[in-house]
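Here are the chains, one letter per residue:
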Amino acid sequence: MDSEQHSPERREITVRRAPRFIPFLALGVIAGFIAALVVAYAGPADPTYTREATLGFFTVMFAIPGVCLGAVVALLLDWISVRKARRAVVERDEE
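Residues numbered from 1 in each chain as written. Predicted model: local features only at pLDDT ≥ 70, side-chain atom pairs only at ≥ 80, totals over all residues. Heavy atoms only, no water.

S.K.: Break down the packing of helix α1 (residues 21-42) against helix α2 (residues 51-83) for me, with residues and values.
M.R.: Look at α1 against α2: their axes get within 6 Å of each other, and the N-to-C directions meet at 145°. Between α1 and α2 the crossing geometry is right-handed. Of the residues belonging to the contact of α1 with α2, the class tally is 21 nonpolar, six polar and three charged. (Axes fitted to C-alpha atoms, helices over the stretch in contact; angles between N-to-C directions. Helix = DSSP H or I, 4+ residues; strand = E, 2+ residues; numbered from the N terminus. Left-handed = near helix turned anticlockwise from the far one by under 90°. Nonpolar A, V, L, I, M, F, W, Y, C, P; charged D, E, K, R; others polar.)

S.K.: Give me the lowdown on the packing of aromatic side chains, citing residues and values where you can.
M.R.: Following the criterion strictly, the structure yields two aromatic pairs and no others. Taken together, a centroid distance of 5.3 Å and an interplanar angle of 70° make the contact between F57 and F58 edge-to-face. The exposure class of F58 is partly exposed, given its relative accessible area of 23%. Centre to centre, the rings of F58 and F62 are 5.6 Å apart; their planes meet at 25°, and the pair counts as stacked. Of the two residues, F58 and F62 both sit in helix α2, four residues apart, roughly one turn of that helix. Judged by relative accessible area, which is 28%, F62 ranks as partly exposed. Of the aromatic side chains, those joined through ring pairs into one cluster are F57, F58 and F62. (Phe/Tyr/Trp six-rings, centres within 6.5 Å; stacked < 30°, edge-to-face > 60°. Buried < 20%, exposed > 50% of the residue type's maximum accessible area, 1.4 Å probe, protein only.)

S.K.: I'd love a proper account of α1, names of residues and values included.
M.R.: End to end, α1 covers 32 Å across 22 residues, agreeing with the expected 32 Å (1.5 Å per residue, within 8%). Every buried residue of α1 is accounted for by G28, G32, A36 and A40. When α1 is viewed along its axis, its buried side chains cluster within an angular range of 100° and face the same direction. Among the exposed residues of α1, those pointing more than 90 degrees away from its buried face are L27, V38 and A42. If you follow the buried residues of α1, they end up packed against α2. (Expected span 1.5 Å × (residues − 1). Arc of directions from axis to C-beta. Contact = heavy atoms within 4.5 Å.)

Have a look at this one:
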């Protein structure tokens, strides 16, 4: 039997729900690709370029702003989650 009395270790922590950035970036790429599909196949065909070449060009042109937009949305949600963070006191259990 241990005669010492151990006081439990207490810490104050911050609890918040932070977004994952990769899904937002991937969603931006997908939105850019869908916009490129609409632009490439909705308009009249150009005889000097194939529709696939046009699709590739517009995919690159729309995916980059899509990734940037996804990152801005994720950063905004992260900022909101920091503002809504709550403090909690936790206690370590030896068992």
